[in-house]
Amino acid sequence: MTPVRPKLDAAPSPVALSPEGPSYAKIAMPFVTSGIAACFASCVIHPIDLAKVRLQLFALQNPGQPKPSFPAIIGGMVQKDGITSIYAGLSASLMRQAIYGTARMGLHRTFSDMLQERNGGKPIGFGEKAVAGLTGGALAVMIGTPFDVALVRMQGDTMKPVAERRGYTHVFNALARISAEEGYGALYKGLAPNVLRGMSMNVGMMACSDQAKEMMLSITGDDPKKPSLTTRIGAAASGGFFAAFLSLPFDMLKSRLQDMKPDPKTGRMPFKGLADCGMSIVSKEGPIALWTGFGAYYARCAPHAMVILLTVDEVKRVYSNVFNIQ
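Residues numbered from 1 in each chain as written. Predicted model: local features only at pLDDT ≥ 70, side-chain atom pairs only at ≥ 80, totals over all residues. Heavy atoms only, no water.

Caption draft 1: Examining the overall build of the chain more closely. Across its full length, the chain carries nine helices and zero strands. In sequence order, the secondary structure elements of the chain are arranged as α-α-α-α-α-α-α-α-α. Counted over contacts in the chain with a minimum sequence separation of 6, partners at least 24 positions apart contribute 77%. Within the structure as shown, the chain displays about 16500 Å² of accessible surface, and the carbon and sulfur contribution to it stands at 66%. Seen as two clouds, the 34 positive and the 23 negative side-chain charges of the chain have centres 3 Å apart. (Helix = DSSP H or I, 4+ residues; strand = E, 2+ residues; numbered from the N terminus. Contact = heavy atoms within 4.5 Å. Areas by Shrake-Rupley, 256 points an atom, 1.4 Å probe, with all protein chains shown as cover. Lys, Arg positive; Asp, Glu negative; His and termini not counted. Charge placed at Lys NZ, Arg CZ, Asp CG, Glu CD.)

Below is the structure:
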């Protein structure tokens, strides 16, 4: 007589939710979806970001000359170096977003969800949203600064005379050469303003966007789980404005510090640090210079925020269906 084997229960799916807690797929969801959305948005707005960096570096590399307009920067690049020139440094931008963008938004969403859970599932206040944004932004910048240094240098390289160009071929070439030629510390040039920029950017883009979304939901009466396109675009535009206004001064300082080279005659750096850079800009160019390129910067931040926030919802929907996450 054939023995009856006990029936074994099917192994639980590694991506399904368990009663003991969330699955790895659910924990990873804010990071994976944010990273995909951030990389897609960077591909869309990279030419605008490139023009913004060049406007910020123009006064340093062309002292005494009037600053060109945003269209003039883009038009001059296309006329001089071809249409592909407006995507200079794209590899560094994608690597930066894959690391920095993923961490920045993923950590903010994770911290916000944790705070909301501690609040009994009720919406958290703006102060708690800001804390989540500040913390996520600071931690993400510490991880992604080397790629940001590479991005700024690759974007500004073709503005220099041929003899002064660094000639990086791609992001990994830039990282390797910077560490070999200038030491590993050079990969973290501008860390202080970059941390401040990341914190202010996250508060503006994520915390202000979340707050604006809540306010618009109370006005429109939309379902919080399925807000209308108008609500999502309005919240994203608000987040884009505050992200640009709060972070641009730190972005200016970061760009100047990351792009600086020692004087060929004296061997001295143009700036001694964050405070010296800020005081030099204010004394020589005026306080308003800290918001140089605001039009281009806002034109970058607002579409970037909109593309990310609109894309991430669709990515989340697909991700949830694939991994059976409720």
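Caption draft 2: Molecular detail of a nonpolar patch on the surface. Taken together, the side chains of Phe 241, Phe 242, Phe 245, Leu 246 and Trp 291 present a nonpolar region at the surface, about 430 Å² in accessible area. Here Phe 242 is to be found in helix H7 (residues 229–259). Take Phe 242: its relative accessible area is 38%, and that puts it in the partly exposed class. (Patch = residues over 30% accessible without salt bridge, like charges linked within 9 Å, V, L, I, M, F, W, Y side chains within 5 Å. Salt bridge = Lys/Arg side-chain N within 4 Å of Asp/Glu carboxyl O. Buried < 20%, exposed > 50% of the residue type's maximum accessible area, 1.4 Å probe, protein only.)

Caption draft 3: Looking closely at the nonpolar core. The biggest cluster of nonpolar side chains holds 16 residues, and the ones touching the most others in it are Met 105, Met 201, Met 205, Tyr 297, Cys 301 and Ile 308. In terms of residues, this core owes the most to one element, helix H9 (residues 294–323), which gives six residues. Leave out the neighbours within four places in its chain, and Tyr 297 touches Lys 52, Arg 197, Met 201, Ala 243, Ala 244, Ser 247, Leu 248 and Asp 251. Among the nonpolar cores identified, the runner-up in size contains 13 residues, and Ala 150, Tyr 168, Ile 178 and Leu 187 belong to it. (Core = buried A, V, L, I, M, F, W, Y, C linked by side-chain atoms within 4.5 Å.)

Caption draft 4: Layout of the pattern of salt bridges. All chains considered together, the criterion is met by eleven salt bridges. Glu 285 is the salt-bridge partner of Arg 256, the closest N and O atoms lying 3.1 Å from each other. Here Arg 256, found in helix H7, pairs with Glu 285, found in helix H8 (residues 274–285); they are 29 residues apart in sequence, far enough to count as distant. The partner of Glu 314 in a salt bridge is Arg 317, and the shortest N-O contact between them spans 3.3 Å. Taken together, the residues span about one helical turn, with Glu 314 and Arg 317 both in helix H9 at a distance of three residues. By relative accessible area, which is 39% here, Glu 314 ends up partly exposed. Look at the salt bridges and you will find they share partners, linking Lys 67, Arg 256 and Glu 285 into a network.

Caption draft 5: Focus on unusual backbone geometry. Its identity as a non-glycine residue notwithstanding, Asn 324 has a phi of 55°, on the positive side. Along the chain, Asn 324 turns up in the segment after H9. A relative accessible area of 47% places Asn 324 in the partly exposed class.

Caption draft 6: Representation of the packing of aromatic side chains in the model. Per the counting criterion, the structure on display carries seven aromatic pairs. Between Phe 241 and Tyr 298, the aromatic rings sit 6.0 Å apart at their centres with planes inclined by 70°, giving edge-to-face as the arrangement. With Phe 241 in helix H7 and Tyr 298 in helix H9, this residue pair connects regions lying 57 residues apart in the sequence. Residue class for Phe 241 comes out partly exposed when judged on its relative accessible area of 35%. For Tyr 298, a relative accessible area of 28% corresponds to the partly exposed category. Put simply, the rings of Phe 241, Phe 242, Phe 245, Trp 291, Phe 294 and Tyr 298 touch in pairs and so form one group of aromatic residues. (Phe/Tyr/Trp six-rings, centres within 6.5 Å; stacked < 30°, edge-to-face > 60°.)

Caption draft 7: Spotlight on helix H6 (residues 191–220). When the terminal C-alpha atoms of H6 are compared, their 41 Å separation across 30 residues agrees well with the 44 Å that a helix rising 1.5 Å per residue should span. Considering bend angle alone, the principal kink of H6 is centred on Cys 208 and spans about 30°. Backbone geometry just downstream of H6 places Gly 221 in the positive-phi region, at approximately 75°. (Expected span 1.5 Å × (residues − 1). Bend = angle between axes of the 7 residues up to and from the residue.)

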